[in-house]
Each structure stands twice: as C-alpha cells, then as structure tokens.
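Tertiary structure, described
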Amino acid sequence: MKALVTGASSGMGRDMAKYLYSLGYELYLVARNKKDLNREFKGYKNIHTYGYNLIIEEECVKLYKELKDENIDILINNAGFGDAGNFTETSLDKEMDMIDLNIKSVHMLTKLFLKDFKKKNKGYILNVASSAAFLPGPLMASYYASKSYVFNLTMAIHEELRRENSNVYVGVLCPGPVDTEFNKVAGVKFSVKSLTAGKVCNYAINKMFNNKMLIIPGFQMKFIYAFSRFLPLKMKLKLTYNIQKSKKDNTK
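Residues numbered from 1 in each chain as written. Predicted model: local features only at pLDDT ≥ 70, side-chain atom pairs only at ≥ 80, totals over all residues. Heavy atoms only, no water.

Turning our attention to the environment of asparagine 53. Along the chain, the position of asparagine 53 falls in the loop between β3 (47–51) and α3 (57–67). Residues asparagine 53 and serine 105, 52 residues apart in the sequence, show an inter-C-alpha distance of 9.8 Å. The residues touching asparagine 53, leaving out its near neighbours within four places in the chain, are Arg32 and Glu59. (Helix = DSSP H or I, 4+ residues; strand = E, 2+ residues; numbered from the N terminus. Contact = heavy atoms within 4.5 Å.)

Moving on, we get to the nonpolar core. Ranked by internal contacts, the top residues of the largest apolar core, which has 33 residues, are Leu4, Leu54 and Phe113. Only β2 (26–31), α3, α4 (92–120) and α5 (141–163) provide two or more residues apiece to this core. Top element by residues in this core is α4. It accounts for seven residues. Leaving out residues up to four positions away in the same chain, leucine 54 has contacts with Thr6, Val30, Glu59, Cys60, Leu63, Ala79, Asp100, Leu101, Ser105 and Leu109. Counting 29 residues, the second-largest nonpolar core is a separate cluster that includes Leu126, Val128, Tyr169 and Cys201. (Core = buried A, V, L, I, M, F, W, Y, C linked by side-chain atoms within 4.5 Å. Buried < 20%, exposed > 50% of the residue type's maximum accessible area, 1.4 Å probe, protein only.)

Next up on the list: α3. All of the buried residues in α3 are Glu59, Cys60, Leu63, Tyr64 and Leu67. Within α3, the buried residues cover an arc of 140° as seen down the axis, which keeps them to one side. Summarising the geometry of α3, the exposed residues directed more than 90 degrees from the buried face are Glu58 and Lys65. On its buried face, α3 sits against β1 (2–6), β2, β3 and α4. (Arc of directions from axis to C-beta.)

Using the criterion set out here, one finds zero disulfides in the structure. Among the cysteines around cysteine 174, which has no disulfide bond, cysteine 201 carries the closest sulfur, lying 14 Å off. Residue classification places cysteine 201 among the buried positions, given a relative accessible area of 0%. (Disulfide = S-S within 2.5 Å.)

This brings us to the packing of α3 against α4. Where α3 meets α4, the closest approach of the two axes is 10 Å, and the angle between their N-to-C directions is 25°. Viewed along their axes, α3 and α4 adopt a mutual orientation that is roughly parallel. Handedness of the α3/α4 crossing: right-handed. Between α3, through Glu57, Cys60, Val61, Leu63, Tyr64 and Leu67, and α4, the contact on the second element is made entirely by Lys104, Ser105, Met108, Leu109, Leu112, Phe113 and Asp116. Residues that form the contact of α3 with α4 fall into these classes: nine nonpolar, one polar and three charged. (Axes fitted to C-alpha atoms, helices over the stretch in contact; angles between N-to-C directions. Parallel < 35°, antiparallel > 145°, perpendicular 65-115°, else oblique. Left-handed = near helix turned anticlockwise from the far one by under 90°. Nonpolar A, V, L, I, M, F, W, Y, C, P; charged D, E, K, R; others polar.)

Another aspect to go through is the packing of α4 against α5. Two elements in contact, α4 and α5, have axes separated by 9 Å at closest approach and are oriented at 10°. Our classification of the angle between α4 and α5 gives roughly parallel. In this structure, α4 crosses over α5, and the sense of that crossing is right-handed. Contacts from Glu95, Met98, Asn102, Ile103, Val106, His107, Thr110, Leu114 and Lys118 in α4 reach Ser142, Tyr143, Ser146, Lys147, Tyr149, Val150, Leu153, Ile157 and Leu161 in α5. Class assignment for the residues of the contact of α4 with α5 results in ten nonpolar, five polar and three charged.

Listed below in structure tokens is the structure:
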C-alpha cells in the first residue's frame, strides 16, 4: 500500500502522512524543501521524499512522471497556503503563487493520477480545501476563492465517478481553524479555539476510507456549515468580513 502526500513537511500534511504510516503505508512525500522532509521523518522506513516546488506547472508534471509507475494507492493534495488583507493591498506575486499552488497543482495532480486510478478502478484522492470554500471571504478573498475552486472541482468529479459506478474515491476535506503553521504564513490568529492537526488528520483519513464525500471535522463547523446555508448572502459577507477582521486584529 502506497500513499503520496503533498505539503508533507509540516502541519496537516505531516500528520496525515504519519497516520498513514502507522496504518502500514509506504509513503511518498513531497515538499518544496526536501531537507525539511528528511528531518521531520528521520528514522522512518519505507519513506521516499521529494523536493518539488508545485507552484511551477512543470514540477507537477515531473512529480507525476517520476511516480506514475509506483502504483500509488492514495493521493492527498494538501500543499497550499493563505494570505490576508484588503484585496487592493495584498501582494499580487504572492496571490499568483497561491493560485498556482492551491488551484493549479491540485487540478493537475488530481487529473493525472485520477486517469491512472480509473484504469485500475481503485484508489483514493483526498483534496484538502477549507471551511473557507463555502463562502466568499472579504479580507482573504483570494484564499477563499482558491479553496472554493478545490471544493467545487472535487464535488463535480465525485459525481462523475458515482455515475460511472467507479470504485475510485475522490473527496474533499474542509476543516475549520486548525493549529498549524498556516496561520503564521497567512498572518492571522483565530479568535476561536483551533482543532489540533493530529485530530483533524486522523478523522479525515478514517472518513476517506469510509468514502465520505465531504469531510468536515468538528461538531461546531458542521453546525456552522448547515446553518450558513440558510443565511442571506449579504449577511454572510458581513459576518465573514467581521471574522477576518478579528483574526487580523488578534495579531496586533
């Protein structure tokens, strides 16, 4: 059994990899800095590490070509990052990198590996989105939009596979606040208690094996997701703006 995890040097990618390892999986781990992976997984057996910058399209293709004959059973598209601030004030270069990593790399790797999974009629693909996928996100506009893409892409693919009676699984993880390095990179601090990455990752992997299409860890986020579907859009925008503003204020 073999699993490929992107963004595996820290946060949820690292913890999902370690949980899969505890289940007996041989791991193929990807991060921009291979040294970080080797340091984090020092002493582990049956682990292969790769230093690919998935912001670059050609690197995504190289990764696939290197591993396409390894008979991968699980692909977890976890690599991604966020940014916060008024849309006219945030860095355009950083946003383009975010779009390339959060959207394009997920799109490319999902498509490339899914074709192989369909041929053998088995395999799992878990795309990591966020509860941000459910709403427009003023003050984190680009990040919310990127996760909405991942959410909707995954939902569509899941339905296509269902109608084909395929044994291949494609699902999406949409956690709320998680205690990872993401917050530091995005420049935010949550005003509500975050779930631990380990708890979220174990839950997500277990739900993946149960073929759960949409995975939302934590009762609080499940309730918010269900309740928000009945709110008018303008109210959602106001609430989301205030939430993002409080996260930025918490860092001051």
